[in-house]
Amino acid sequence: PVTSKPAPYKWKPRTPRQKDGPAISTKLSDTSGRKNLTFNDWLVVFAYIDEHPDLPQDRVVQHFKTRKEGVLEFTQETLSRKLKDHTHPEQRIESYPGALS
């Protein structure tokens, strides 16, 4: 019973990344996992919605995906769920006024 082993895997050496590449203005996608918005991020979203009450939810989501101050990514479904509980953040602020300082 002679067992033959397969030939070793032939790997290709990686080319080093270019460190002096051009600057890019696009956001690189991070597929390592989801990132949750902070409490302050949701307060910014709610303030924007309060300033634009007639704006549909999908347009609100689109606005925050493309804003210059920093991208906040969330889905329309998440926004809808958070809006149902919209009074909760205000109650939290009143209960813990020093939490945002």
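Our subject is the structure listed above.
Just so it is clear, the structure is predicted and the values come from calculations on it, not from any experiment.

**Student:** Which residues make up the packing of aromatic side chains, and what values do they have?
**Tutor:** In total, this model carries four aromatic pairs according to the counting rule given. Note on W42 and F74: the rings are 5.1 Å apart at their centroids and 50° apart in plane angle, and the pair reads as tilted. Pair noted here: W42 is in helix 1 (residues 39-51) and F74 is in the loop between helix 2 (57-66) and helix 3 (76-84), with a separation of 32 residues, a long-range link. In terms of burial, W42 and F74 fall into one category: buried. Centroid distance F64 to F74: 5.9 Å. Interplanar angle 50°. Geometry classified as tilted. Placement of F64 in helix 2 and of F74 in the loop between helix 2 and helix 3 is noted, with a sequence separation of ten residues between them.

**Student:** Break down the packing of helix 1 against helix 3 for me, with residues and values.
**Tutor:** Interhelical geometry of helix 1 versus helix 3 gives an angle of 85° and a closest axis separation of 12 Å. As the angle between them shows, helix 1 and helix 3 are arranged roughly perpendicular. Counting all contacts with helix 1, which are made through W42, V45, F46 and I49, the residues of helix 3 involved are T78, L79, K82 and L83. Of the residues contributing to the contact of helix 1 with helix 3, the split by class is six nonpolar, one polar and one charged.

Criteria and cut-off values
Residues numbered from 1 in each chain as written. Predicted model: local features only at pLDDT ≥ 70, side-chain atom pairs only at ≥ 80, totals over all residues. Heavy atoms only, no water. Phe/Tyr/Trp six-rings, centres within 6.5 Å; stacked < 30°, edge-to-face > 60°. Helix = DSSP H or I, 4+ residues; strand = E, 2+ residues; numbered from the N terminus. Buried < 20%, exposed > 50% of the residue type's maximum accessible area, 1.4 Å probe, protein only. Axes fitted to C-alpha atoms, helices over the stretch in contact; angles between N-to-C directions. Parallel < 35°, antiparallel > 145°, perpendicular 65-115°, else oblique. Contact = heavy atoms within 4.5 Å. Nonpolar A, V, L, I, M, F, W, Y, C, P; charged D, E, K, R; others polar.

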